[in-house]
Amino acid sequence: MRIPGHSLSGAWPKDRVLVRLDRRRAGGLSYGRVERILERGIRTFVGRYAPTGSRFFVRFRDRESDLLLEVDLPADFSAEPGDLVLAEVAEYPERGKEGRARLVRALGKSHTMETLFLAVSSAMDLPVAFPDPVLEEAAAVPQSVRLSARGAGVCHGTRRSTGAT
């Protein structure tokens, strides 16, 4: 079924929707319209920070989506254009009003294990914030492993505190 852009009623890719069939073509595509959004599919996401003049945006792209949302910045936010950021939807679009996002934190320029984890967990709607005891345990795990030439099987880890949530 094909749903024209003017018939989406504010629905985004990955949303679960109730659709009404408007017309059916024999041997061709059927056309419909979104009657109601049942469940939102995108809540938190990893995107790219894209300021334009005095306005601030974040772009989220995947195989199904290309969304550019205006964002509200935290008071202590610092990032450069193109940096990866973790954002959450603050307002979904409705009745001609655009959606908005809130930047949770800057992640940096490249896809690190942290940004990949946040992208995957956000896409699956898993929590991305953890309690302090979990963060303390994670900080104790070495970020890299170096094998000792003398003591076969002995590993020396390098610890780094990321402050990741």
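What comes next is a walk through the structure. Source: prediction; values computed, not measured. (Residues numbered from 1 in each chain as written. Predicted model: local features only at pLDDT ≥ 70, side-chain atom pairs only at ≥ 80, totals over all residues. Heavy atoms only, no water.)

### Quick look at a nonpolar patch on the surface
A cluster of nonpolar side chains, contributed by Met-1, Val-19 and Leu-21, occupies part of the molecular surface with about 250 Å² of accessible area. Summarising the element assignment, Leu-21 is placed in strand S1 (residues 16–23). (Patch = residues over 30% accessible without salt bridge, like charges linked within 9 Å, V, L, I, M, F, W, Y side chains within 5 Å. Areas by Shrake-Rupley, 256 points an atom, 1.4 Å probe, with all protein chains shown as cover. Salt bridge = Lys/Arg side-chain N within 4 Å of Asp/Glu carboxyl O. Helix = DSSP H or I, 4+ residues; strand = E, 2+ residues; numbered from the N terminus.)

### Quick look at the packing of aromatic side chains
One pass over the structure, following the stated rule, counts four aromatic pairs. Aromatic pair Phe-45 and Phe-60: ring centres 5.1 Å apart, planes at 55 degrees, arrangement tilted. With a gap of 15 residues between them, Phe-45 in strand S3 (residues 44–49) and Phe-60 in strand S4 (residues 57–61) connect regions that are remote in the sequence. Side by side, Phe-45 and Phe-60 carry an identical accessibility label, which is buried. Aromatic side chains Tyr-49 and Phe-77 sit 5.3 Å apart centroid to centroid with 70 degrees between the ring planes, which places their arrangement in the edge-to-face category. (Phe/Tyr/Trp six-rings, centres within 6.5 Å; stacked < 30°, edge-to-face > 60°. Buried < 20%, exposed > 50% of the residue type's maximum accessible area, 1.4 Å probe, protein only.)

### What about the pairing of strand S6 (residues 84–91)?
Across a regular strand the side chains alternate sides, sitting on one face of the sheet and then on the other. Strand direction decides the pairing type here: S3 and S6, joined by five bridges, are antiparallel. Bridge pairing in S6 links Phe-45 to Ala-87. Both S6 and strand S7 (residues 100–108) contribute to a ladder of seven bridges, which runs antiparallel. Considered in S7, the bridge of Leu-86 is made with Arg-105. (Pairing = 2+ DSSP bridges.)

### A look at the nonpolar core
Ile-42, Phe-45, Val-58 and Leu-103 are the most contacted members of the largest nonpolar core, which has 15 residues in total. When contributions to this core are tallied by element, the ones reaching two or more residues are S3, S4, strand S5 (66–72), S6 and S7. Setting aside its immediate chain neighbours within four residues, Leu-103 contacts Tyr-49, Val-58, Val-71, Asp-72, Leu-73, Pro-74, Phe-77, Val-85, Leu-86 and Ala-87. Grouped together as the second largest cluster of nonpolar side chains are six residues, Val-46, Leu-86, Leu-107 and Val-128 included. (Core = buried A, V, L, I, M, F, W, Y, C linked by side-chain atoms within 4.5 Å. Contact = heavy atoms within 4.5 Å.)

### Overview of the pattern of salt bridges
For the structure on display, the rule yields eleven salt bridges. Between Arg-20 and Glu-35 there is a salt bridge, with the nearest N and O atoms lying 3.4 Å from each other. Of this pair, Arg-20 sits in strand S1 while Glu-35 sits in strand S2 (residues 31–39); the two residues are 15 residues apart in sequence, bridging distant segments of the chain. Of the charged contacts in the structure, one is a salt bridge between Asp-66 and Arg-59, with a shortest N-O distance of 2.9 Å. Judged by relative accessible area, Arg-59 falls into the partly exposed class, the value being 30%.

### Here's the deal with the side chain of Ser-30
Along the chain, Ser-30 falls in the loop between S1 and S2. According to the relative accessible area criterion, Ser-30 is buried, its value standing at 15%. Excluding its chain neighbours within four sequence positions, the residues that come into contact with Ser-30 are Met-1, Arg-2, Leu-21, Arg-23 and Arg-24.

### With respect to the sheet that holds S3
Here we have five strands rolled up into a closed barrel, ordered S3-S4-S5-S7-S6, and mixed in their pairing. Taken pair by pair, the neighbouring strands of this sheet meet at an average axis angle of 50 degrees, ignoring direction. Sheet topology places S3 next to S4; two bridges connect them, and they run antiparallel. The residue of S4 that forms the bridge with Tyr-49 is Val-58. (Axes fitted to C-alpha atoms, helices over the stretch in contact; angles between N-to-C directions.)

Taken by themselves, the reported measurements are silent on function.
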